[in-house]
Amino acid sequence: MSKSYKQNAPISVEQLTNELMRLKRGSVTRRHFLGVTGLGLASAVLARETGLLSTPAFAEDLGKQMSIATWPNYHDPATFEAFTAATGVAVEVNVFGSNEEMLAKLQAGGTGWDLFVPTNYTISTYVKLGLIDPLDMAKVPNYNASTETARFTAEGVVDGTTYAVPKNWGTTGIALNSTKIKTPVTSWKDFFEVAQGEADGRVMVHDYQLTTIGNALVSLGYSFNSVKPEELAKAEELLIKVKPHLYAINSDYQPGMRAGDAWMTMCWTNDGAQLNRDVPEIKFVLGKDGGEIWSDFYAIPKSAANKPAGYALLNYLMDPANAVKEHIANGAPTTDSRVLSLLPKEVTSNTIVYPPEAELTPLEFGAAVTLTDPARAEVMARFKSA
């Protein structure tokens, strides 16, 4: 951050408020704002009144670049552009298709990530392995635990210490092109049957052992989280049987669905909402036989090279005014009641994004054991190499 600004003549509260509103609207840069108002006064007011720029984070040099590891189609690029305009820090986005892949990268070291997006069931493992930092919540004043939905946020706290704060929640369902597939698909049992029949050669499954194995288990009447050898053996048998009928094994399935090359896929809420919005014949359904409900979090790796920028971006993303734009763009439901109150009715009334509670009842949150269970990893490896 530049040190060259000098405190100008004192400005009135009204002038300061006007400049603050201009900054929040994106009408002026952070550099302009700090120059006009003076760093000390600006930091104090922002920390006390808005949390827009937290004093601890922005009192440090943020550098020129940072990196975030996240999921496909998961952010509004305009969010990172606005952050860069406000701070001068460019955001490099690394996309991953599974938590197993994220874990392997962190364990190997040298990721370069300053912020990343793990799913609820992984956080306890990251803590146990010493791969993520406890969060300094003084550097995230925009986060308000009292406005969060405990159902989706509890796993960010381990032994009373906050290691991660929620991004959003969602489900794992089935997206299908209703002009191509006429057979009713209402369950994971239907999914795997149609994949071998009407949708032969046109179906995608995730490159992600939690959901691909989990949904195969559910289709057979077992728990999404099972690690029982005999049940995993049955799931593996099903997956290897269906593999010749698949179009692809890939967690970034939107391109195939949009192009019409794929007709049906395992699908996360946000992708389902985006696909249906842009291609209305693509429908999204939850398996009546079960499946996954999840919440994703933001966390800071212990190995992060630019932690000040990681905190700065995290705090920026926790601002409801910024978060609401993310939710509108990516289609995932929010955990924060402040953001929910800002969302337009067409979003909150969308049953893809906010399904009836009865449809959520059969779903399971991922269990921590599934991330590191060697038997599950072996099943996925054999399935992919078959």
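Note on numbering: residues in each chain are counted from 1, in written sequence order. Only residues with pLDDT of 70 or above have their local features reported here, since the model is predicted, and side-chain atom pairs are shown and tallied only from 80 upward, although totals for entire chains, interfaces and linings are computed over all residues. Water and hydrogen atoms were dropped before computing side-chain values, which therefore reflect all heavy atoms in the structure.

Enquirer: Please clarify how helix α20 (residues 374-385) should be interpreted in this entry.
Expert: Spacing of three or four residues puts side chains on the same side of an α-helix, whose turn is 3.6 residues. Numbering of helices and strands starts at the N terminus; helices are DSSP runs of H or I of at least 4 residues and strands are runs of E of at least 2. Each helix should span, by expectation, one fewer than its residue count multiplied by 1.5 Å. End to end, α20 covers 16 Å across 12 residues, agreeing with the expected 16 Å (1.5 Å per residue, within 8%). Think of it in three bands: with a 1.4 Å probe and only protein chains considered, a residue is buried below 20% of the maximum accessible area for its type, exposed above 50%, and partly exposed in between. Listed as buried for α20 are Arg376, Val379, Met380 and Phe383. For α20, the angular spread of buried residues about the axis comes to 95 degrees, placing them on one side. Exposed side of α20, more than 90 degrees from the buried face: Pro374 and Ser385 are the residues found there. When we speak of the arc, we mean the arc of directions from the helix axis to the C-beta atoms.

Enquirer: How do you make sense of the nonpolar core when you look at a structure like this?
Expert: When a protein is soluble and globular, its nonpolar side chains tend to lie buried together. Grouped together as the largest cluster of nonpolar side chains are 103 residues, with contacts concentrated most on Leu115, Phe116, Phe191, Met264, Tyr298 and Leu313. Residue contributions to this core peak at eight residues, all from helix α14 (residues 307-318). Whether two residues are in contact is decided by their heavy atoms: any pair within 4.5 Å suffices. Here leucine 115 is in contact with Met66, Ser67, Ile68, Ala69, Tyr298, Ala299, Ile300, Pro301, Gly310, Leu313, Leu314 and Leu317, once residues within four sequence places are set aside. Each nonpolar core is a collection of buried residues, namely Ala, Val, Leu, Ile, Met, Phe, Trp, Tyr and Cys, held together in the definition by side-chain atoms within 4.5 Å.

Enquirer: Quick question: what am I supposed to make of α14 here?
Expert: The terminal C-alpha atoms of α14, which comprises 12 residues, lie 16 Å apart, in line with the 16 Å expected from a rise of 1.5 Å per residue. In terms of residue burial, α14 counts as a mostly covered element, since 11 of its 12 residues are buried. Taken together, the buried positions of α14 are Pro308, Ala309, Gly310, Tyr311, Ala312, Leu313, Leu314, Asn315, Tyr316, Leu317 and Met318.

Enquirer: Help me out: how do you make sense of the pattern of salt bridges in this one?
Expert: When charged atoms on two side chains of opposite charge get close, those side chains can pair. In the sections that follow, a salt bridge refers to a side-chain nitrogen of Lys or Arg positioned within 4 Å of a carboxyl oxygen of Asp or Glu. Per the counting criterion, the structure on display carries nine salt bridges. Where lysine 384 meets aspartate 207, a salt bridge forms, and the shortest distance between an N and an O atom there is 2.7 Å. Taken as a pair, lysine 384 in helix α20 and aspartate 207 in the loop between β7 (203-205) and α10 (209-219) lie far apart in primary sequence, 177 residues in all. Residue lysine 384 is classed as partly exposed on the basis of its relative accessible area of 40%. Judged by relative accessible area, which is 28%, aspartate 207 ranks as partly exposed. Among the ionic contacts, a cluster of salt bridges with common partners joins Asp133, Lys302 and Lys307.

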